[in-house]
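# Remarks on the overall topology
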Amino acid sequence: MADHYKQAIEAAIRGMSALDTQIDACRDANGRLTADRLQLEIRLKRLQEEYEALADEYRRMREKADQYGDILMEQRDQIVARDHQIADLRADLAVANVRADELEGELTRWRS
């Protein structure tokens, strides 16, 4: 019976040794995972900073584009207003030319 207990104790010791080996392997794996996690967190932080910088740059560029758009709209409005002025002046010139022709005709009649 003593041999039986001895064998059971030896088997338990071997089992505990195997468990210790597994525990050590788990600790090593956990250490590697923790290191990987820290590297990923550092990378994520850098990416977040880059994203924020890019988002700020995008906002600034968008504001500039809006400003340029406003300037272009003002210039377009000015061009349209000038086009209307030119059209009005052309109409006035046409009326003046007709009146000049009429006056020239009257002048010719008076001379004859």
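We now turn to the structure provided with this report. These numbers were taken from a predicted model, which means no experiment stands behind them. (Residues numbered from 1 in each chain as written. Predicted model: local features only at pLDDT ≥ 70, side-chain atom pairs only at ≥ 80, totals over all residues. Heavy atoms only, no water.)

Counting secondary structure elements, the chain contains 1 helix and 0 strands. Its C-alpha atoms give the chain a radius of gyration of 47 Å, clearly above 13 Å, the size a compact globule of 112 residues would have. Dimensions of the chain, computed from C-alpha atoms along their principal axes, come out at roughly 160 × 20 × 10 Å. Classification of the 112 residues of the chain by burial places 1% in the buried group. Working note: accessible area of the chain is about 10700 Å², and carbon and sulfur atoms make up 58% of it. The positive charge centre, built from 18 side chains, and the negative charge centre, built from 24, are 3 Å apart in the chain. (Helix = DSSP H or I, 4+ residues; strand = E, 2+ residues; numbered from the N terminus. Rg over C-alpha atoms; globule rule 2.2 N^0.38 Å. Buried < 20%, exposed > 50% of the residue type's maximum accessible area, 1.4 Å probe, protein only. Areas by Shrake-Rupley, 256 points an atom, 1.4 Å probe, with all protein chains shown as cover. Lys, Arg positive; Asp, Glu negative; His and termini not counted. Charge placed at Lys NZ, Arg CZ, Asp CG, Glu CD.)

Our next topic: a nonpolar patch on the surface. Among the surface-exposed residues, Tyr5, Ile9 and Ile13 lie close enough to one another that they form a single nonpolar patch of about 340 Å² accessible area. For Tyr5, the location among the structural elements is in helix α1 (residues 2–111). Classification of Tyr5 as exposed rests on a relative accessible area of 52%. (Patch = residues over 30% accessible without salt bridge, like charges linked within 9 Å, V, L, I, M, F, W, Y side chains within 5 Å. Salt bridge = Lys/Arg side-chain N within 4 Å of Asp/Glu carboxyl O.)

In this section: the pattern of salt bridges. Counted by the stated rule, this structure contains 6 salt bridges. The partner of Asp66 in a salt bridge is Arg62, with the nearest N and O atoms 3.4 Å apart. Taken together, the residues span about one helical turn, with Asp66 and Arg62 both in helix α1 at a distance of 4 residues. With relative accessibility at 38%, the residue Asp66 sits in the partly exposed group.

Below, the discussion takes up the environment of Arg90. Tracing the backbone shows Arg90 in helix α1. Looking at Arg90, the relative accessible area reads 61%, which means it is exposed. The spacing of Arg90 and Thr21 is 69 residues in sequence and 100 Å in space, taken between C-alpha atoms.

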